[in-house]
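The residues making up each chain are set out below.
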Amino acid sequence: MSEHRDYAGGKLGMWIFLFTEILLFGGLFLLYAAYLHRYPADFNAGGKQLDVVLGAANTIILITSSFTVAASITALRLGQTARCLWLLAATVALALGFLVNKFFEWSAKIGHGIYPGSQHLLQMPPGENLFFGLYYAMTGLHGLHVLIGATLLSVTAALVRKGRVTQGNFGLLENAGLYWHLVDLVWIFLFPLFYLIA
Amino acid sequence: MDHGNVGGLGFLAPAPGRKGLLSWIGTTDHKRIGLLYMGCVGFMFFCGAALGMILRLKLMTPGSTLVGPQTYNAMFTLHGVIMIFLVVIPSIPASLGNILLPLQIGAEDVSFPRLNLFSWWLYVLGATLAVVSIFTGSGAPDTGWTFYVPFSERTTTNVSLAVTAVTILGFSSILTGLNFVTTIHRLRAPGMTWTRLPLFVWSLYATAWIQVLATPILGITLVLVFAERVLNLGLFDPGRGGDPLLYQHLFWIYSHPAVYIMVLPAMGVISDIIPVFARKNIFGYKMIAFSSLAIAFAGSLVWAHHMFTSGMSDTAVLVFSFLTFIVAIPSAIKVFNWVSTLYKGSISVEPPLLFSLGFIFMFSVGGLTGLVQGAAGTDIHVHDTYFIVGHFHYVIFGGTGLGMFAALHFWLPKIFGRMYDRGVAKLSFWIILVGMNVLYFPMFILGLEGLPRRYYDYLPKYAHGQVLSTIGSWILAVGLVIMFANLYRGMRRGPLAGDNPWGAATLEWTTSSPPPTNNFEVEPVVTHGPYDFRGVARHE
Ligand code: HEM
Ligand SMILES: [Cu+2]
C-alpha cells in the first residue's frame, strides 16, 4: 500500500473530528441550559460553593498551555526542534498541573460530602443536586480530554525527537495542537458556567 | 476491453507478505475491510433474524407459550439493538460503501486506511460486548433498543454493558463517516467533478455527515445512562429534580437522523441501479443529489415526533409535526425521480432492478404511514402500537433491507467476478416481497385496532392478525434462505461475470472483476457523467 501524505486531507479530518467533540459536549451543554432555565436560584446557590480562585487558576493554566503549544508548532516549522520539544514539555507539565489542581478541588468537594448520590446532596434542593451532577459529569469528561490531550502531545513529542514529525512534516503536531485548543476552548465555557454563575 | 486478468482473483488473491487470517483482519485495503464488515453484518443479521423469528413464533398464540415474559423482553431488546446498531447502520455504508466509494470516485483507497481498519475493530469490540452483555451480569438487557430512562437506570439487567457497547459502535460509525467525507473531498480522480459523482456517492456523503454530526449525541446520552447507573448522577431521575423527557430529546436527536443513516445509502443504491436497467440517464440528477442533503438537514429537525405523547408542550408538538411533513418532501422527490427515470426507458428486468422496484414500493408504504404518525392528531392514536412496528419495518427492512439486497445482486459480480443464478434470484425476490407484506401489513391493522407494541400477551381478538403475521415470517425466511444460498453459490462457483455484466457507466465497472488491490491499473480520467451510457457495452 503506497503511503500517500495528504496534508489538507489530514487537516479536514481533524476539523471534522473536533466538531464531533464539540457535539459530544453539546449534549451536556443542552442539559445544562434546560436545567438552568428550570432552577436558576439553585444553580446560583451551587455556583457559590465552588472555589473561583481554583477555577481561575486552572483557566490561566490552560490558556498559557494553549500558547505554549501554538509556539511549539511555530518552532518546529522554523526548524528549531529543541525549542519545540521544550515548549511541548511545558504544555504537558501545565496539563498535569491542571489535573492536580482539579484533583484537589474534587477531593475537597467530596470531603464536604458533595458527590453524586451522597446523602448531603440528596438533602439539597433538586436544582443543586443537578448542578453538581452536571459539574461532575462535565468537568469529569473535560478532565478525561485533558488526559487524552496530554498523552497525544507526549506521543507527538516522542515522534518529534525521533525525527518522524519534522519541519517538513508537521501535520501531526498541528493536529495535536488543534485538539489541545479544543480542550482549552471547552474549559473557557465551563469556567463561567460553573464558577462565575453565582 | 480485456484486462488480462479475467477470472483472476484481484484483491482477493493472497497478499504477498501477510498470510491467511492476518491478511484480512490486519488489512488496510478498503475492499477487504468492506468484506470484513459484510461478513460480520451478515452474521449479526442472521442472529437478529433468528431472534425475530422466535418472537413471531411466540406471538402466534396468546398467553404464556414458548418463552417467558422476561425472556421475551430481553429478546425484543436484543433484536432491536442488533438490527439497528449492528446490522442496519453499518450495512450499506460500512460494507458496500467501503468497497465502492473509492472505486466509484477513481481513488486508490479511502483517505485514512488505518483509521478505516480501526473503525472495523471498534465495530467488532462493540459487537462482542453487546453479545457478552447477554450472558453476563444479572440477565440480558430488557429496556428495548431505546434505553428509555428511568427504567434503564433502575433495571438490574445488564444495561451498563449494553450501552457501553452501543457507545463504542457509535464511535466506529463516526470514524467511518469522517473518513468518507474526507475521501470524497480529497481523492476524486481527475475529471470527477461534483456533478459527475455517482448518486450512491452523494448519498454516502450525506450519510457520512449525519454520522459525524448526530452520533456524538448518542454517545454522550448513553455515557450518561451509564453514569446514572454506576455513579448515581441523578440527571434524569425525577426523584432528584431530573427530567426523563430530556433523555428522550437527546436520544431522538440522534436516533431520528439515524433513520436516515439507515435509508439514505439504500436510496443511493437505487439511484445507481435504476438508470442502468432503464438504459437512460437518471431523471433530475441534481434534485436527487440535493434531496439527500436536504434530508440530512431537515431530518435533524424533526426528532420530537417520537414524543408527541410524552408530555411536551402543544407548541412543540405542532412545530415538530409541521417539520415532519417537510422532511417527507425530499423523500418524495426521489421516488418521483426514480419512476420518471423508468418512464419510456428500455427496461430489462434483472434481479437488481426487481429488488429496487421492491424498495420503491415498500418505502412508499413506509413513508406514507410515517406521515400518519407525523400528524400529531393521528399519532396520539397509533403511538406505541403495532402500527409503529409496521411502519419502521416497511422502511427499514422493506427499504434499507431490499436496498442492500439490490446492491448485493448488482455489485457482487464486480466484487467476486462471478455471477449468481438470475432465475433463482428473481424467485427469491418474489418470495421475500410476499413474505414481508404478509408479515408486516397485518401490523398496521392490528395497530389501528389498538394492539400495543412490546407486549408479551394480547387479547384473543388480535389472534387472526398475529397468526397471519407469523405465517408471513416463515415465507420471508424461506425467501431469505434461497436468496443467500444463491448469492453464496454464485460467489463461490458461479460462471465468470466479466468486467461489466450490466453495461453500467460508473467507474468501478471499468476495472477488472474482482478489482486489483490498487483498484485501477492506471489512474482513471473521468470524461462523462455516471449515467451516460453512450458507447458503454455489456461485457459478460
Ligand atoms: C417520510 C418519512 C418518514 C416519516 C414522516 C416518519 C415518521 C415517523 C414518526 C412520526 C414516528 C414516531 C411514531 C410514534 O412513535 O408514535 C416514526 C417512528 C419510527 N420510524 Fe419513521 N418516518 C419516516 C421514515 C422513516 C425511515 C426512512 C426510517 C428508517 C429507515 C424510519 C424508522 C423509524 C423507526 C425505527 C421508528 C420507531 C422508533 C421506535 O419508537 O422504536 N422512519 N416515524
Ligand atoms: Cu423519527
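Keep in mind it's a predicted model, so treat the numbers as computed, not measured.

Colleague: Which residues make up the overall build of chain B, and what are the values?
Modeller: Helices and strands together make up the secondary structure of chain B, namely 15 helices and 0 strands. Against the globule reference of 24 Å for 540 residues, chain B gives a C-alpha radius of gyration of 23 Å, in line with a compact fold. Taking the principal axes of its C-alpha atoms as reference, chain B extends roughly 70 × 50 × 45 Å. Looking at chain B residue by residue over its 540 residues, the buried ones come to 63%. Sequence-distant contacts in chain B: of pairs separated by 6 or more residues, those separated by 24 or more amount to 82%. Of the accessible surface of chain B, which amounts to about 19300 Å², a share of 71% is contributed by carbon and sulfur atoms. One finds the centroid of the 30 positive side-chain charges in chain B at a distance of 6 Å from the centroid of its 23 negative side-chain charges.

Colleague: Just give me the short version of the site of ligand 1, but keep the residues and values in it.
Modeller: Residues and elements named next belong to chain B. The environment of ligand 1 is formed by 23 residues, the closest being Trp-145, Asp-379, His-383, His-391 and Arg-453. Measuring from a nitrogen atom of ligand 1, one finds a side-chain N or O atom of His-391 at 2.9 Å. Within the contact set of ligand 1, an oxygen atom lies 2.8 Å away from a side-chain nitrogen or oxygen of Arg-453. Elements represented by at least two residues in the shell around ligand 1 include exactly helix H8 (244–278), helix H11 (351–374) and helix H13 (386–416). With 6 residues, H11 is the single largest residue contributor to the shell around ligand 1. Classifying every residue of the shell around ligand 1 gives 12 nonpolar, 9 polar and 2 charged.

Colleague: Before we move on, can you summarise the coordination of the iron atom of ligand 1 with the specific residues and values?
Modeller: Residues and elements named next belong to chain B. For the iron atom of ligand 1, the sole protein-derived donor is His-391 (NE2), lying 2.1 Å away. Taken as a pair, the iron atom of ligand 1 and the copper ion (ligand 2) lie 4.6 Å from each other. Secondary-structure assignment places His-391 in helix H13.

Colleague: Could you give me a rundown of the coordination of the copper ion (ligand 2), with the residues and numbers involved?
Modeller: In this structure, His256(B) (ND1), His305(B) (NE2) and His306(B) (NE2) serve as the protein donors to the copper ion (ligand 2), at separations of 1.8 to 2.0 Å. In primary sequence terms, the donor set of the copper ion (ligand 2) follows H-x48-H-H.

Colleague: Kindly report on the state of the cysteines, identifying the contributing residues and their values.
Modeller: Residues and elements named next belong to chain B. For the coordinates displayed, the defined rule picks out 0 disulfides over all chains. A disulfide-free cysteine, Cys-40 has its sulfur positioned 11 Å from the sulfur of Cys-47, the nearest such atom. Judged by relative accessible area, Cys-40 falls into the partly exposed class, the value being 22%.

Colleague: Can you explain the pattern of salt bridges? Please cite residues and give values.
Modeller: Residue and element names in this part refer to chain B. For the structure shown, the criterion picks out 12 salt bridges over all chains. The residue Asp-237 makes a salt bridge to Arg-240 at a minimum N-O spacing of 3.4 Å. Residue Asp-237 is classed as buried on the basis of its relative accessible area of 11%. For Arg-240, a relative accessible area of 12% translates into the label buried. The salt bridge partner of Glu-350 is Arg-422, with a shortest N-O separation of 3.0 Å. Of the two residues, Glu-350 sits in the loop between helix H10 (314–342) and H11 while Arg-422 sits in helix H14 (residues 422–448), which places them 72 residues apart along the sequence. For Glu-350, a relative accessible area of 11% gives the class buried.

Colleague: Give a detailed account of the interface of chain A and chain B, specifying residues and quantitative values.
Modeller: Listed by partner, the interface residues are 34 residues for chain A and 36 residues for chain B. In total, chain A and chain B occlude about 2800 Å² of area from one another, counting both sides; carbon and sulfur atoms represent 73% of this. Applying the counting criterion to the chain A and chain B interface returns 2 salt bridges. Here Asp6(A) ties to Arg186(B) by a salt bridge, and the two come within 2.9 Å at their closest N and O atoms. Inspection of the region where chain A meets chain B yields 7 residue pairs in polar contact (both at pLDDT 80 or more). For the side of chain A that touches chain B, the secondary structure elements donating two or more residues are helix H1 (7–38) and helix H6 (126–162) of chain A. Of all the elements, H1(A) adds the most residues to the side of chain A that touches chain B, at 18 residues.

Colleague: Tell me about the environment of Arg493(B), residues and numbers included.
Modeller: Residue and element names in this part refer to chain B. Structurally, Arg-493 is set in helix H15 (residues 463–493). On the basis of relative accessible area, Arg-493 is assigned to the exposed category, the value being 61%. As for Arg-493 and Met-192, which are separated by 301 residues in sequence, their C-alpha atoms are 35 Å apart.

Colleague: Residue-level account of unusual backbone geometry, with values.
Modeller: Residue and element names in this part refer to chain B. Cis geometry is found at the peptide bond from Val-149 to Pro-150, where omega equals -5°. One can find Pro-150 in the loop between helix H4 (113–135) and helix H5 (151–154). In this chain, Ser-513 is followed by Pro-514 through a cis amide linkage whose omega measures -10°. Considering the arrangement of structural elements, one finds Pro-514 in the segment after H15.

Colleague: Could you give an account of the packing of helix H3 (residues 69–105) of chain B against helix H6 (residues 159–186) of chain B, with specific residues and numbers?
Modeller: Residues and elements named next belong to chain B. Close contact between H3 and H6 brings their axes to 11 Å; oriented N to C, the two are set at 20°. When the axes of H3 and H6 are compared, the pair comes out roughly parallel. Judged by the sense of rotation from one axis to the other, the crossing of H3 with H6 is left-handed. When H3 is examined against H6, the residues Val-81, Phe-85, Leu-86, Ile-89, Pro-93, Gly-97, Asn-98, Leu-101 and Ile-105 are found in contact with a partner set consisting of Val-166, Leu-169, Ser-173, Phe-180, Thr-183 and Ile-184. Split into classes, the residues belonging to the contact of H3 with H6 amount to 11 nonpolar, 4 polar and no charged.

Colleague: Pulling in residues and values, what's your account of the side chain of Glu128(A)?
Modeller: Residue and element names in this part refer to chain A. Looking at where Glu-128 falls in the secondary structure, it is placed in helix H6. Buried charged residue Glu-128 carries no salt bridge. Nearest counter-charge: Lys-48, at 9.3 Å. A distance of 2.9 Å separates a polar atom in the side chain of Glu-128 from a polar atom in the side chain of Gln-49. Beyond its immediate stretch of four places on either side in the chain, Glu-128 contacts Asp-42, Ala-45, Gly-46, Gln-49 and Leu-121.

What counts and what doesn't
Residues numbered from 1 in each chain as written. Chains lettered and ligands numbered in written order. Predicted model: local features only at pLDDT ≥ 70, side-chain atom pairs only at ≥ 80, totals over all residues. Heavy atoms only, no water. Helix = DSSP H or I, 4+ residues; strand = E, 2+ residues; numbered from the N terminus. Rg over C-alpha atoms; globule rule 2.2 N^0.38 Å. Buried < 20%, exposed > 50% of the residue type's maximum accessible area, 1.4 Å probe, protein only. Contact = heavy atoms within 4.5 Å. Areas by Shrake-Rupley, 256 points an atom, 1.4 Å probe, with all protein chains shown as cover. Lys, Arg positive; Asp, Glu negative; His and termini not counted. Charge placed at Lys NZ, Arg CZ, Asp CG, Glu CD. Near = heavy atom within 4 Å. Polar contact = N/O pair within 3.5 Å; in protein donor to acceptor, adjacent residues only side chain to side chain. Nonpolar A, V, L, I, M, F, W, Y, C, P; charged D, E, K, R; others polar. Donors = N, O, S within 2.8 Å, 3.2 Å for Na, K, Ca; no water. Disulfide = S-S within 2.5 Å. Salt bridge = Lys/Arg side-chain N within 4 Å of Asp/Glu carboxyl O. Buried area = accessible area lost by both parts, 1.4 Å probe. Axes fitted to C-alpha atoms, helices over the stretch in contact; angles between N-to-C directions. Parallel < 35°, antiparallel > 145°, perpendicular 65-115°, else oblique. Left-handed = near helix turned anticlockwise from the far one by under 90°.

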